[in-house]
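The primary structure of each chain is shown beneath.
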Amino acid sequence: RDRLWAVTAVLAIQAWAGVKNVLVLYGLVALQSAAFAVNNPARQALRKLGWEPTGNATLDEKAGGIVLHGAPNTTAGISCQVPANTVGYTLEIKGEGLFTMLVAGQGGSQRASIKLTAGEAERLTVRWASGTLAVLDGNGVPLSSEKLDRPVTSVSFIASGACTISLPIRPNRQ
């Protein structure tokens, strides 16, 4: 907690002093984010659920979900290592902005993105099986589909807008 306040104080001092070095600003913001990430109990709770938060991702127990507060130039997300026999995840999501599902394996990653619009929650399934990465809507209709280049070892859900992923996020097993 003291580190967070120290970095915040230095950030304020550099602003008042009129320092216009972007690299200094980026460095201080990165340090501030790192200090906040370590101290935030909502982020620690996400880790206990098996999800690693990035950006402004927190567990909101009152909302019963994971809140991702992304912005046009910054993202928020969660990621995890894929357990054995898992071929996808089904989730309920509500929000607006670009929502990306990224799957990664040895040597690279692939992504599928959809545009969320404000309104009702959407059920999505991201699935990787039979050499295909697919995103399906709540009725099983493909929203996107492409050839999968590699076995999947990790998955990330990333928002560049604000959204809430309802819990639980359900793994799809083989």
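What you see is a predicted model, and the numbers here were worked out from it, not measured in a lab.

Draft legend 1. Representation of the pairing of strand β6 (residues 108-116) within the structure. With 9 bridges joining them, strand β5 (residues 86-105) and β6 adopt antiparallel strand pairing. Across the sheet, the residue bridging to G105 is G108, located in β6. From the end of β5 to the start of β6, which pair antiparallel, there are 2 residues, and G107 there has a positive phi angle of about 95 degrees.

Draft legend 2. Focus on unusual backbone geometry. Look at the link from L167 to P168: it is a cis peptide, with omega at 0 degrees. The backbone of N85 shows a phi angle near 65 degrees, a positive value even though the residue is not glycine. Within the secondary structure, N85 is located in the loop between β4 (76-81) and β5. One non-glycine residue with positive phi stands out, namely S130, at about 55 degrees. The residue S130 is located in the loop between β7 (122-129) and β8 (132-136) in this model.

Draft legend 3. Quick look at the pairing of strand β3 (residues 65-69). Burial analysis of β3 places 4 of its 5 residues in the buried class, which makes it a mostly covered element. One ladder, built from 4 bridges, connects strand β2 (residues 57-60) with β3; its direction is antiparallel. Residue pairing in the sheet places A57 in a bridge with L68 of β3. Where β3 lies against strand β11 (residues 162-166), 5 bridges are found, and the strand directions are antiparallel. Across the sheet, the residue bridging to I66 is I165, located in β11.

The rules behind these values
- Residues numbered from 1 in each chain as written.
- Predicted model: local features only at pLDDT ≥ 70, side-chain atom pairs only at ≥ 80, totals over all residues.
- Heavy atoms only, no water.
- Pairing = 2+ DSSP bridges.
- Helix = DSSP H or I, 4+ residues; strand = E, 2+ residues; numbered from the N terminus.
- Buried < 20%, exposed > 50% of the residue type's maximum accessible area, 1.4 Å probe, protein only.

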